[in-house]
Amino acid sequence: MKKYILKRLLISVAILFLVSFVIYALMRCLPTSYLEQVARTKSQQPGSKSFEEWMQQLSATYGMDKGIIPGFFSWLGRALHGDFGDSWRWTVPVTQKFQESVWISFIMGAISFVLEIIIAIPLGIIAATKQYTKVDYLITIVALACFSLPTFFFASLLKLVFCVNLGWFDLGGLVGRNYEYLSPMGQFLDKANHLVLPIVTLVVISIGALMRYTRTNMLEVLNADYIRTARAKGLPEHEVIYRHAFRNTLIPLVTMLGGSLPGLFAGALITETLYSIPGIGYVSYQSMVAGDIPFSMFYLVFMAILTLLGNLISDILYAAVDPRVRIA
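Residues numbered from 1 in each chain as written. Predicted model: local features only at pLDDT ≥ 70, side-chain atom pairs only at ≥ 80, totals over all residues. Heavy atoms only, no water.

## Concerning the side chain of Thr151
Stated formally: Labels follow the DSSP assignment, with helices taken as runs of H or I lasting at least four residues and strands as runs of E lasting at least two, numbered in each case from the N terminus. Accessibility here uses a 1.4 Å probe with only protein chains present; expressed as a share of the type maximum, an area under 20% marks a residue as buried, one over 50% as exposed, and anything in between as partly exposed. Note on contacts: a residue pair qualifies if any of its non-hydrogen atoms lie within 4.5 Å across the two residues.
Among the secondary structure elements, Thr151 is positioned in helix α7 (residues 151-165). Overall, the relative accessible area of 19% leaves Thr151 in the buried class. Residues within four places of Thr151 in sequence aside, it is in contact with Thr201, Ile205, Ile270, Thr271 and Leu274.

## A word on the environment of Gly234
Along the chain, the position of Gly234 falls in the loop between α9 (225-232) and α10 (237-258). Accessibility expressed as a relative area gives 57% for Gly234, which makes it exposed. Each C-alpha atom of the pair Gly234 and Ala128 lies 21 Å from the other, and the pair is 106 residues apart in sequence.

## What about the packing of aromatic side chains?
Note the following rule: The rule is short: rings of Phe, Tyr and Trp, with Trp giving its six-membered ring, pair when the centres are within 6.5 Å, and they are stacked under 30 degrees, edge-to-face over 60, tilted in between.
Scanning the entire structure with this criterion turns up 14 aromatic pairs. Their ring planes at 45 degrees and their centres at 5.7 Å tell us that Phe162 and Trp168 sit as a pair that is tilted.

## Examining the layout of surface pockets
Space left empty within the atom packing is revealed by a probe, the size of a water molecule, rolled over the atoms. Applicable threshold: In this analysis a 1.4 Å probe is tested at points of a 1 Å grid over the protein atoms alone, and where it fits but cannot get out there is a cavity; an open set with protein on both sides within 12 Å along at least five of seven lines is a pocket; lining residues have an atom within 4 Å of a point. Grid points are joined across faces, edges and corners, and a volume is the space filled by probe spheres set on the points. Gly falls in the polar group here, along with every residue not listed as nonpolar (Ala, Val, Leu, Ile, Met, Phe, Trp, Tyr, Cys, Pro) or charged (Asp, Glu, Lys, Arg).
Roughly 430 Å³ of volume is contained in the largest pocket. It is helix α5 (residues 94-129) that provides the largest number of residues to the lining of the largest pocket, a total of six residues. The residue inventory of the lining of the largest pocket, partitioned by class, reads ten nonpolar, ten polar and two charged.

## Focus on the nonpolar core
Inclusion rule: Definition of nonpolar core: a set of buried residues of the types Ala, Val, Leu, Ile, Met, Phe, Trp, Tyr and Cys, connected through side-chain atoms within 4.5 Å.
If you look at the biggest cluster of nonpolar residues, it comprises 39 residues, and the most contacted ones within it are Met108, Met218, Leu222 and Ile277. If you list the elements that add at least two residues to this core, you get α5, α6 (134-148), α7, α8 (184-222), α9 and α10. Counting residues per element, this core draws most heavily on α8, which supplies 13 residues. With residues up to four places along the chain from it excluded, the contact list for Leu222 reads Ala128, Thr129, Ile227, Arg231, Ile241 and Ala245. Ranked by size, the runner-up nonpolar core spans 33 residues in total, among them Leu76, Trp88, Trp90 and Tyr299.

Printed below as a string of structure tokens:
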């Protein structure tokens, strides 16, 4: 197991190096650049230098005057020392802006992820064990409805009902107007209140696919020979379902859930925008639109690391959920 993990880590480092170079090259080829906006603004001031002079000065300051390959190794050398530069869009260090916004998205993503598992997997199992019954049809209809709902439509509908008509929640934002005057517990409850609708939106939109995925894999396992043998031996149906069938269903589920790790930190761009939540999804989108290469580079490389880590965790968990799988 140790040799396997070490080998996978070394391969992941090589993949990460290549992915980082591709991302850097793409960032350098963006059609828009925040440096151009700054240079154009400064060149229009009375008595200022020309646009070309400002571009040369700013490019030299941020290392953009080098070629793609020298520029990449220059960025890589600083990144290995934890220096990712200052964000052009937010005028603060990249890591500072990332820390300010990522935990909001992580809290939303983690809570919605746990609720998704608690709701979708049991419903998928119930639908599989009661195939072609009214319960199965009802769960299937709910799953298809959740899977088909556009995020912007469902979020707008929730805001109309619970914010406009009922007045239970604010229309958007992370805190209320009286946030600064509240006690620490009151501030916590105020933020929690503002995250209710965004989390509900993320859960409802995501449970449909997981329910269908669980049902399909559970049906495949329930039709296996060893399940019929277990029933023929007189084992209780509850033990057959949850001890024998469900454990084998976990293998494809682990693959799917392991790939969800980057999603916990990626943020939900549409949901965060509709509810005015300053999460990492919205911040990264604004950075890319503005041509903020330092922040975009850090964010995309961070997501690449999480993707490789999620795949490694999925492979290791195979042996934990199924004794037939052994990593050699």
